[in-house]
Amino acid sequence: MEVMKKDFKQKVFNIIRKIPRGKVLTYKKVATRAGNPRASRAVGGILGTNFDPTIPCHRVVRTDGGVGGYNRGINNKIKLLKKEGVASKTFLLY
DNA sequence: CATTTGACGCCAA
DNA sequence: TTTGGCGCCAAAT
């Protein structure tokens, strides 16, 4: 099945959807898996404009260790991560 | 169709 | 080591 036309966005969402609970992925990792390791920005851009409630995008954090952001409230994202059992060092707030 | 935005990443100072 | 600036890609307007 290779390319399948619906590359990036669809793929990115698919990857995030596969993230197991208690685990976090970086935007870069998602972008790399989506086909472009430099499209880390595009990943965030897609999520920011097209947020999907069916996708645990709150499990996606920055490579620097930042939580990144969340259309549903950054505070909520942090809370979710903590509840999932993610190490606080994995997603520094500021 | 072209331009701006946007939840980032990496290099340099 | 920390802070700042530039670069990159895709989607939305």
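Just so you know, these numbers come straight off a predicted model, no measurement behind them. Along every chain, residues carry numbers that run from 1 in the direction the sequence is written. Written order determines the labels here, with chains lettered from A and ligands numbered from 1. For a predicted model such as this one, the threshold for reporting local features is a pLDDT of at least 70, and the threshold for listing and counting side-chain atom pairs is 80 or more; totals across whole chains, interfaces and linings nevertheless cover every residue. Excluded from the side-chain calculation are hydrogens and water; included are all heavy atoms of the structure.

Talk me through helix H3 (residues 40-49); I want residue IDs and the actual numbers.
For the α-helix, the turn length of 3.6 residues means that residues three or four positions removed from each other point alike. Among the residues of H3, those classed as buried are Val 43, Ile 46 and Leu 47. The arc that holds the buried residues of H3, viewed along the axis, is 95°, so those residues lie on one side. Facing away from the buried surface of H3 by more than 90 degrees, the exposed residues are Arg 41 and Thr 49. Between two residues, a contact is recorded if the distance between any of their heavy atoms is within 4.5 Å. For the purposes of this entry, the term helix denotes a DSSP run of H or I that reaches at least four residues, the term strand denotes a run of E that reaches at least two, and both are numbered from the N terminus. Turning to H3, the residues buried within the fold contact helix H1 (8-17) and helix H2 (27-34). Each residue is placed in one exposure class: buried if its accessible area under a 1.4 Å probe, protein chains only, is under 20% of its type's maximum, exposed if it is over 50%, and partly exposed if it falls in between. By arc we mean the arc of the directions from the helix axis to the C-beta atoms, nothing more.

Which residues make up the packing of aromatic side chains, and what are the values?
Only rings of Phe, Tyr and Trp enter the pairing, Trp through its six-membered ring, and a pair is recorded when the two centres are within 6.5 Å. The plane angle decides the type: under 30 degrees is stacked, over 60 is edge-to-face, the rest tilted. The full count for this structure, using the stated rule, is 1 aromatic pair. With a centroid separation of 5.6 Å and an interplanar angle of 85°, the aromatic rings of Phe 51 and Tyr 70 are classed as edge-to-face. Highlighted residues: Phe 51 in the loop between H3 and strand S2 (60-61) and Tyr 70 in the loop between S2 and helix H4 (74-84), separated in sequence by 19 residues. We call a charge positioned above a ring when the Lys NZ or Arg CZ atom is no farther than 6 Å from the ring centre and deviates by at most 35 degrees from the ring normal. One residue, Lys 9, lies across the ring of Phe 13, its end atom 5.8 Å from the ring centre.

Outline the protein's contact with DNA strand C, listing residues and values.
Put simply, a residue is near a molecule or strand once any heavy atom of it comes within 4 Å of that molecule or strand. Inspection of the region around DNA strand C gives Phe 8, Lys 9, Asn 36, Arg 38, Ala 39, Arg 41, Ala 42, Ile 46, Thr 49 and Asn 50 as its neighbouring residues. Sugar plus phosphate, as a fraction of atoms of DNA strand C within 4 Å of the protein: 64%. Between DNA strand C and Asn 36, the relevant distance is 3.4 Å, taken from a phosphate oxygen to a side-chain nitrogen or oxygen of the residue. Side-chain polar atom of Asn 50 to a phosphate oxygen of DNA strand C: 2.7 Å apart, as the coordinates give it. Breaking the surface near DNA strand C down by element, the ones donating at least two residues are H1 and H3. Ranked by residues supplied to the surface near DNA strand C, first place goes to H3 with 4 residues. Tallied by class, the residues present in the surface near DNA strand C amount to 4 nonpolar, 3 polar and 3 charged. Counted as a polar contact is a pair of N or O atoms within 3.5 Å, where, for protein atoms, one must be capable of donating a hydrogen and the other of accepting one, and residues adjacent in sequence contribute only when both atoms are in side chains. For this classification, Asp, Glu, Lys and Arg are treated as charged, while Ala, Val, Leu, Ile, Met, Phe, Trp, Tyr, Cys and Pro are nonpolar and the rest, including Gly, are polar.

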